[in-house]
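What follows is the residue order along each chain.
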Amino acid sequence: MVEQILIDTDDFYVPDANLLVTEDDTPVDNFASAKQQRLLVGSLFSSLQNQTFLAEANVGVYYTDLQPPIVPDVFLSLDVQIPEKWWEKHNRCYMVWRFGKPPEVVMEIVSNKEGDELGKKLEIYEQMRASYYIVYDPNRQLGEQALRIYELRGRRYFETSETWLEQVGLGLTLWSGAFEGRQDNWLRWCYQDGTILPTGDERAEQAEQRAQLLAERLRAMGIDPDTV
């Protein structure tokens, strides 16, 4: 288990969390975006069970106490975990000065042209120094590209066509299929060979298929699988 990184308050100024807005309960999602967020976050937790990381949707990220938090649709931060006392005010959202680092990946799912994903939000994530900024635009509200990937190089973001995120050891791919009973096109995490990270339901289905195949082979050998 990776030890939680915390900044020594004797050497650094740490804002008083009681003066910060950690949540405002404002509903912001639509059905499609909410499902896409669950798919991205859920598949990480079902597939990377031996790794320490924090992934969430619609949780505020404070990168400075001088500005309100920004709320990525999805973020991924490696080698950190949610504090045990997560109901305490200073543990309710992602405060960079407490975790000691920004998330490696931040994502925005474009629903309309009002979010300024390629303007102000890009500037904020660049200032935050998130390694990758992903803009998923399934309805192509912002142009012809459904997927834009920005990589931090030095102090600036550069758009890249590379879908393998080297610094996090994961890739992204567009995938057509069913999730939670909905057939559509989805953004999925993948391994370097292009294999998608399965959800918990997909892993269970794969296990069931393997069990059925094994049972068929045993029957072909004259063995009753129910007695093995």
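Just so we're clear, the structure is a prediction, and the values are computed from it rather than from any experiment.

## Re the sheet that holds strand β10 (residues 170-179)
Then comes step 1: One open sheet accounts for three strands, arranged β9-β10-β11; its pairing is antiparallel. Of all the strands in the sheet, the pair left with one neighbour each is β9 (164-165) and β11 (182-190).
Then comes step 2: One ladder, built from two bridges, connects β9 with β10; its direction is antiparallel. By the bridge assignment, leucine 165 is partnered in β10 with leucine 170.
Then comes step 3: Where helix α1 (residues 31-47) meets the sheet, it contacts β10 and β11, and its direction lies at approximately 40° from that of β11.

## Concerning a nonpolar patch on the surface
Then comes step 1: Together, Ile82, Trp86 and Trp87 make up an exposed nonpolar region whose accessible area comes to about 400 Å².
Then comes step 2: For isoleucine 82, the position within the fold is in the loop between β3 (74-78) and β4 (94-95).
Then comes step 3: Among the residues examined, isoleucine 82 registers a relative accessible area of 34% and is labelled partly exposed.

The rules we used
- Think of each chain on its own: its residues are numbered from 1, step by step along the sequence as written.
- In view of the model being predicted, local features appear only for residues whose pLDDT reaches at least 70, and side-chain atom pairs are presented and counted only at 80 or more, with totals across whole chains, interfaces and linings using the full set of residues.
- Think of the side-chain values as coming from all heavy atoms in the structure, minus any hydrogens and water.
- For two strands to pair, DSSP has to find at least two bridges joining them.
- Numbering of helices and strands runs from the N terminus; a helix is a DSSP stretch of H or I covering at least four residues, while a strand is a stretch of E covering at least two.
- Residue contacts follow a heavy-atom distance rule, with two residues in contact if any of their heavy atoms lie within 4.5 Å.
- All axes here are fitted lines through C-alpha atoms, helices being fitted over the stretch that makes contact, and every angle between N-to-C directions spans 0 to 180 degrees.
- Patch construction takes residues with relative accessible area above 30% that form no salt bridge. Like charges are linked within 9 Å, and nonpolar side chains (Val, Leu, Ile, Met, Phe, Trp, Tyr) are linked within 5 Å.
- Per-residue and other accessible areas were derived by the Shrake-Rupley procedure at a 1.4 Å probe size, with only the shown protein chains allowed to occlude residues.
- What makes a salt bridge here is a side-chain nitrogen of Lys or Arg within 4 Å of a carboxyl oxygen of Asp or Glu, nothing more.
- Categorising residues by exposure relies on relative accessible area from a 1.4 Å probe, with only protein chains included: less than 20% of the type maximum marks a residue as buried, more than 50% marks it as exposed, and the intermediate range marks it as partly exposed.

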